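# Observations on chain architecture
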Amino acid sequence: MKYGLIGEHLTHSYSCEIHAQIADYEYELHELRPDELGEFMTKREFNAINVTIPYKQDVIPYLDEISETAKRIGAVNTVVNRSGKLYGDNTDFPGMLALAKHAGVDMKGKKVLILGTGGASKAVYRGLENLGIKSTFVSRAKKEDKYLTYEELTPEIMQEYTVIVNCTPVGMYPKVDFCPNIPYELLTPNHLLYDLLYNPNETLFMKKGQAQGAVTKNGLEMLLLQAFAAWEIWNK
């Protein structure tokens, strides 16, 4: 494989179509079970790859060097093979910065709930932090003081945090009838719901937000920005 995407389940991915529009190069989807990741990374038989759920943190031990951005985030979604050495970076970060800028909502003074605690959620957190925007992780189990559980999303919290970013795979194709377990009845037209998922185009998370009058966006724009950023890294 020359260029491609690795992950556990990739039937939802639009990456091949997007990279085909960027340049004329071979780009493949390569599904890996967790027990196959080590052998794949050790062989290093690729020019460059993108990395998605659930391997954004798992690939790090196999890399020779990672960027300062990836170190700050604690996750890698782009790897390039340079003369046999693997260099890791994270293009979720610039994607998140562009998202905040182009969301169509003034983010100044907003507080953000980040659903999930994986690699994508960490990139969102760092991107918002870089903009001076306060955010809090939401997880199924209590971890640290900066984390909330879904059960702790009280009316007061939902009123205070008016931007909600879904960084979980819940609702992704083909399991489109599921959504994160937030109190949708507490959403208002003052809320912005951003789903990093892009397949389906409108997730159940977004539909439930729209029913309450909230502004919603999917993750396709961020995917496009990531693809261009990855291509620039691969061709340095």
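Quick summary incoming for the structure in this document. (Residues numbered from 1 in each chain as written. Predicted model: local features only at pLDDT ≥ 70, side-chain atom pairs only at ≥ 80, totals over all residues. Heavy atoms only, no water.)

## Observations concerning empty space enclosed by the protein
- The final tally for this structure, using the stated rule, is 2 cavities of 30 Å³ or more.
- Estimates place the volume of the largest cavity at around 480 Å³.
- Mapped by element, the contributors of at least two residues to the lining of the largest cavity are helix H1 (15-22), strand S3 (48-51) and helix H8 (220-234).
- By residue number, the principal contributor to the lining of the largest cavity is H8, which donates 4 residues.
- The residue inventory of the lining of the largest cavity, partitioned by class, reads 13 nonpolar, 12 polar and 2 charged. (1 Å grid on protein atoms, 1.4 Å probe; cavity = no way out; pocket = protein on both sides within 12 Å on 5 of 7 lines; lining within 4 Å. Points joined across faces, edges and corners; volume = space filled by probe spheres on them. Helix = DSSP H or I, 4+ residues; strand = E, 2+ residues; numbered from the N terminus. Nonpolar A, V, L, I, M, F, W, Y, C, P; charged D, E, K, R; others polar.)

## Here we look at the layout of surface pockets
- Quantified by volume, the largest pocket comes out at close to 610 Å³.
- Around the largest pocket, the lining is made up of 23 residues, and of these Gly116, Thr117, Arg140, Thr168 and Pro169 lie nearest the centre.
- Breaking the lining of the largest pocket down by element, the ones donating at least two residues are helix H5 (119-130) and strand S8 (134-139).
- At 3 residues, H5 tops the list of elements feeding residues into the lining of the largest pocket.
- Taken together, the residues that form the lining of the largest pocket break down as 11 nonpolar, 9 polar and 3 charged.
- In this structure, the second largest pocket occupies an estimated 340 Å³ of space.
- His9, Pro169, Met172, Tyr173 and Lys175 are, among the 16 residues lining the second largest pocket, the residues nearest its centre.
- Looking at the lining of the second largest pocket residue by residue, the class counts come to 9 nonpolar, 5 polar and 2 charged.

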